[in-house]
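# Chain and residue survey
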Amino acid sequence: MTPRSTRQPRAAVSNDIRPRRRRWWLLALLALAPAPLALVLGCSDAVEATRVERRDVTRVMVLTGRVRPPTRPSVGATTTGIVQRVLVREGEQVRAGQLLVQLDDAQARAAVAEARAALVSASGQAQAVRTQAATALAQAERDLERTRRLYEAGAVSTREVEAAVKAAEDARAIATAAQARAAAGNFAEEERAQAALAAAEARLANTRITAPEAGTVIARLVDPGVVATPGQPLLQLAAAASPEIVAYASEDNLADLRLGASALISADAYPAERFGARITWIAPAIDPAQGTVEVRFSVSEPPAHLIPDMTVSVNIEVASRPDVLVVPRAAVRGLGTPEPWVLVDNGGQAERRRIEVGIIGEAHIEVVGGLVEGEFVLPASVQPGARVRVRN
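A short tour of the structure in this document, coming up. (Residues numbered from 1 in each chain as written. Predicted model: local features only at pLDDT ≥ 70, side-chain atom pairs only at ≥ 80, totals over all residues. Heavy atoms only, no water.)

### Comments concerning the sheet that holds strand β10 (residues 227-228)
Using the following cut-off: Note on pairing: two strands pair once DSSP finds at least 2 bridges between them. Numbering of helices and strands runs from the N terminus, with a helix taken as a DSSP run of H or I at least four residues long and a strand as a DSSP run of E at least two residues long.
Ordered by their spatial adjacency, four strands build an open sheet running β8-β7-β5-β10, and the pairing between neighbours is antiparallel. Whereas interior strands pair on both sides, the edge strands pair on one side only; in this sheet they are β8 (208-210) and β10. Note that strand β7 (residues 99-103) and β8 share three bridges and pair antiparallel. Bridge pairing links Leu 99 to Thr 210 in β8.

Dropping the structure here:
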């Protein structure tokens, strides 16, 4: 009898605990699977929606370009010589005519000195001829004057007077010819000496390599001690004139490009600093290998940080409309296809709606048809037909 009475209380306790265990299992399932349960119960998550509104929209074409100086003159030697000095460094600003490279000029200087001495000698000889002719003329005129006085005194004959007159005329002709040749530089020796001096001075000048125009040294290709030869580039400059921007647009965008269109440009190294430019040239042909067209931009006020071959971003405003209906670009699906669409809130359910688009901006898209102002457009994370609660 005793064992039977002890079993009955155990059964009673077990029956009381079983319902409570079922409740704990149900609570555990609810905690582990809130999303499926919410769907079963008909609940929905709140989503961020955007109201269709009016604002200005702009379409911008973004290109990648580079800074290109108007000219890149290469500076080289016109004569063979050993580089004695290089007076500039890369990045240095130079002015037109500034001495950049000095070649060894010892031989050239000696040649100039020798040519000058030869010219002095030739000029001295020419001067001696002129002096001799002038002296002979003066002597002939004195002899003529004395003969005339003697003739008046009856000491000489008429024939002697005529001979003195003839001698004076000959001396005058010789002196006049000598003076004329000297004035015209027609003495052969003197001419040759002058030509030799000019050639020697030109060779000396060729040992001084100067800047053809103002600019910036962008490449130094030689060091002292190197033998420079004609045609060999020693330095490369970037002209100091305003640089231009060169970019390449896809041929699909050719219709959106026009001469004179304005653009905003920023260097990749200085993205916050923008400056204005204008399209000055559009290539008349397409690059068949790349399918692009070259576009050049002029910069009226280039910033100081702009340097040759720097990479820049070019933003060209190709279309703009004020006060039009817009939706976020990220919310439009099928963009670029014949039937773009969005999801709108229709009584708590995501409804697919086909739309007609106009200008496609960077962040917003113009809606020409399919939506009305004030409707809510759902984000791309929502699936069509989903139950939604809109949170504006």
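### Description of unusual backbone geometry
Quick note on the threshold: Burial classification: accessible surface area is computed with a 1.4 Å probe over protein chains only, and a residue below 20% of its type maximum counts as buried, one above 50% as exposed, and the rest as partly exposed.
Even without a glycine there, the phi angle at Asp 309 is positive, about 70°. Inspection of the secondary structure puts Asp 309 in the loop between β15 (292-298) and β16 (311-328). Phi is positive for Asp 323, close to 50°, though the residue is something other than glycine. Its location among the elements puts Asp 323 in strand β16. Of the residues examined, Asp 323 reaches a relative accessible area of 48% and is grouped as partly exposed.

### What about the pairing of strand β19 (residues 356-360)?
Judged from the three bridges that link them, β19 and strand β20 (residues 364-369) form a sheet pairing that is antiparallel. Bridge pairing in β20 places Val 357 opposite Val 367. Between β19 and β20, which pair antiparallel one after the other, the connecting turn spans three residues.

### Quick notes on the packing of aromatic side chains
Stated formally: Classification of ring pairs uses Phe, Tyr and Trp, with its six-membered ring standing for Trp, and accepts pairs whose centres are within 6.5 Å; under 30 degrees between planes counts as stacked, over 60 as edge-to-face, and the remaining range as tilted. By definition, being over a ring means that NZ of Lys or CZ of Arg is both within 6 Å of the ring centre and within 35 degrees of the ring normal.
For the structure on display, the rule yields zero aromatic pairs. Above the ring of Trp 341, the side-chain terminus of Arg 352 is found at 4.0 Å from the ring centroid.

### What to know about the side chain of Thr 147
Selection rule: Throughout, a contact is declared for two residues whenever any of their heavy atoms are within 4.5 Å.
Note that Thr 147 resides in helix α3 (residues 106-152). Those residues in contact with Thr 147, other than ones at most four positions away along the chain, are Val 156, Glu 160, Val 161 and Ala 164.

### What to know about the pairing of strand β5 (residues 81-86)
Bridge count for β5 against β10 is two bridges, and the pairing is antiparallel. In the sheet register, Gly 81 faces β10, and the bridge partner there is Ala 228. Both β5 and β7 contribute to a ladder of three bridges, which runs antiparallel. Note on β7: the bridge partner recorded for Val 86 is Val 101.

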